[in-house]
Amino acid sequence: MALASTVKVVLGSVAFAIFWVLAVFPAVPFLPIGRTAGSLLGGMLMVVFRVITPNQAYAAIDLSILGLLFGTMVVSVYLERADMFKYLGKLLSWKCRGAKDLLCRICIVSAISSALFTNDTSCVILTEFVLKIARQNNVPPHPFLLALASSANIGSSATPIGNPQNLVIAIQSNISFGEFLLGLFPAMLVGVVLNALILLCMYWRLLSVEKDEENVSAEAISEEYVASHRFSPAIMSHQTSLNSQEWNSMVQANSVLSSPNLNGNTGHGETLRNQTNSSDSDGNSIVLKEVKGGEYFSQTREENFPSRRSASNGLNGTMEIMNALEDAAPVQSAEEKQGLVKRWKRLSWKTCVYLVTVGMLIALLLGLNMSWTALTAALALVVLDFKDAQSCLEKVSYSLLIFFCGMFITVDGFNRTGIPSTLWSLTEPHARINHVSGIAVLALVILALSNVASNVPTVLLLGARVAASAAAVSPSEEKKAWLILAWVSTVAGNLSLLGSAANLIVCEQARRAEFGYNLSFWRHLKFGVPSTLMVTAIGLTLIKG
């Protein structure tokens, strides 16, 4: 495609530059409006500057990608409600054998969850778990945060629903879910293992510091104390002697109160105390006195009549206790039944959520339309929930959907200036995938552009051109070119802190957490450069066309 008129080239470049600055640096001092508004601004300027027409702008918005993105986000919201990510968090610490074991678990769990539920969602949910576990093991959290973000990026490369750029590639290339998975799974698997080994080598000494035994003991005692602590009822100090009939009444009351059905039930104890501490018609009251072993005995006390007490008062008090127990027992049974019904309903609903998700994945593997499959699964979960879906739909990132709309328009306008085609025509002869050197050049171009312009715009700018170049060499190479683009543009996000939205999410979530930690740009870069180069290079040799 030849360059457009000079006016269109200049104005289109200005609009794209504004979009790029706000996408990469959303809080610039001169226009701190954020990524979403910056994306809309770039798209609007393309129309206002007449680089594209309004109809062309509407046509540039890919509804298939938006539908797939919306559906997967809704499914992720319901999976979070069904405690899926809570179970993943527990899996991180289950029978953990130290910091090194924990780091490897984070890499595996993060990669798998990102491939199935998108890398951004996994990072949002798991960051706080990682911080808490690192604090429990008394080690700095940055190795674990790096493991979470980097493994999420690598793992998300294996499926079309793992990240936004893969969504774009899957829709534009018409590669099925199964073909995508088979083509990139070996590279993803080796990449996750290699990434974990790099982290272990870099932070071996740091991860070898064992937790202080005194701190472990103190924490164990504290947790045991909280779990076992119980409050006892107040002890009435005023006592009087008991006659034989009262003693017999006390023994009967004691046998009832110390029965297994009452031990540990504070709710009944409170009801019983409230009922038996009230004064009877003669001014006498029944008092429960705690003795060794957690048992109680009853005693009567006389406040208004210091004269001799009737032996029947003790019996009357005991009858009051028996009546109170009989009244309380049905209440307990009803409450237990109600709680059991709620638990079964909750369990049934969670099972349905998991089954719908598995069904969605099976449908995707069978090659059904990805957008409508995700939307169908999302609406099935809404119906099964059987309540107003507003609270769940509010958790969907509509700002991300709007960002994509603006980005589609902006990138399409920039493509119409002819600048990307001109630059690609200079690079294309050296970046053909039928040679090792060509694959290396193509990977470096994608790697650099993904960190400069972000990975999704890179895919939108290069996708069709890379595929056309590969198809010119051999039709069978076209799919491999798309998969190379997916692999390199995704792993490129690990190069720097700004290279991927998942990195920024982990950084921001860690900073805002209860035990906040600031993951610096340079600390990430120190790990990101060697990891990205090595994982990308080895993964390229394993991609199947």
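As shown above, the structure is provided for reference.
In this text, all values refer to a predicted model and were calculated from it rather than measured experimentally. Position numbers for residues start from 1 in each chain and track the written sequence from start to end. Thresholds applied to this predicted model are a pLDDT of at least 70 for local features of residues and 80 or more for the giving and counting of side-chain atom pairs; totals over whole chains, interfaces and linings are not thresholded and use all residues. Heavy atoms throughout the structure, all of them, feed into the side-chain values; hydrogens and water do not.

### Observations regarding the packing of helix α20 (residues 436-453) against helix α21 (residues 455-473)
Two measures define how a pair of helices packs: the angle their axes make with one another and the distance between the axes.
Here's step 1: Fitted lines through C-alpha atoms give the axes, limited to the stretch in contact for helices. The angle between two N-to-C directions lies from 0 to 180 degrees. The helix count covers DSSP runs of H or I at least four residues long, the strand count covers runs of E at least two residues long, and both are numbered beginning at the N terminus. Direction vectors running N to C along α20 and α21 enclose 145°, while the axes themselves pass 7 Å from each other. From α20, L442, V445, I446, L449, S450 and A453 reach across to α21, where they touch N455, P457, T458, L462 and V466.
Here's step 2: Across the contact of α20 with α21, the residue classes tally to eight nonpolar, three polar and no charged. Any two residues whose heavy atoms approach within 4.5 Å at even a single point are treated as in contact. Each residue receives one of three labels: charged for Asp, Glu, Lys and Arg, nonpolar for Ala, Val, Leu, Ile, Met, Phe, Trp, Tyr, Cys and Pro, and polar for the others, Gly being one of them.

### Here's the deal with the state of the cysteines
Here's step 1: We call a pair of cysteine sulfur atoms a disulfide whenever their separation is within 2.5 Å. Taken as a whole, this structure holds zero disulfides when the rule is applied.
Here's step 2: Cysteine C104 shares no disulfide, and the gap to the nearest cysteine sulfur, in C107, comes to 6.4 Å.

### So, the environment of S151
Here's step 1: Within the secondary structure layout, S151 lies in helix α8 (residues 142-156).
Here's step 2: Between the C-alpha atom of S151 and that of I106, which follows or precedes it by 45 residues, the distance is 8.1 Å.
Here's step 3: In this view, S151 contacts C107, S110, A111, L146 and N195; residues no more than four positions away in its chain are not counted.

### Comments concerning the pattern of salt bridges
Here's step 1: Each salt bridge in this description consists of a side-chain nitrogen of Lys or Arg and a carboxyl oxygen of Asp or Glu lying within 4 Å of one another. Counted under the stated rule, the structure contains six salt bridges.
Here's step 2: With a shortest N-O distance of 3.3 Å, D83 and K350 are connected by a salt bridge. Of this pair, D83 sits in the loop between α4 (63-81) and α5 (84-93) while K350 sits in helix α15 (residues 312-365), and the two are 267 residues apart along the sequence.
Here's step 3: For R105, the salt bridge identified is with D101, shortest N-O distance 3.3 Å. Pair noted here: R105 and D101 are both in helix α6 (residues 99-117), with a separation of four residues, about one helical turn.
Here's step 4: Residues joined in a network through salt bridges with shared partners are D83, R346 and K350.

### Overview of a nonpolar patch on the surface
Here's step 1: Here the term patch refers to residues with relative accessible area over 30% and no salt bridge, with like charges joined within 9 Å and nonpolar side chains (Val, Leu, Ile, Met, Phe, Trp, Tyr) within 5 Å. Each accessible area value is a Shrake-Rupley result obtained with a 1.4 Å probe; residue values ignore everything except the protein chains displayed when judging cover. On the surface, F25, L498, F521 and W522 cluster together into a nonpolar patch covering about 430 Å² of accessible area.
Here's step 2: Mapped onto the elements, F25 comes out in the loop between α1 (6-24) and α2 (34-48).

### Considerations on unusual backbone geometry
Here's step 1: For T118, which is not glycine, the phi torsion reads 75° and is therefore positive.
Here's step 2: Considering the arrangement of structural elements, one finds T118 in the loop between α6 and α7 (119-136).
Here's step 3: A positive phi angle, close to 60°, is found at F386, a residue other than glycine.
Here's step 4: With respect to the helices and strands, F386 occurs in the loop between α16 (370-385) and α17 (390-393).

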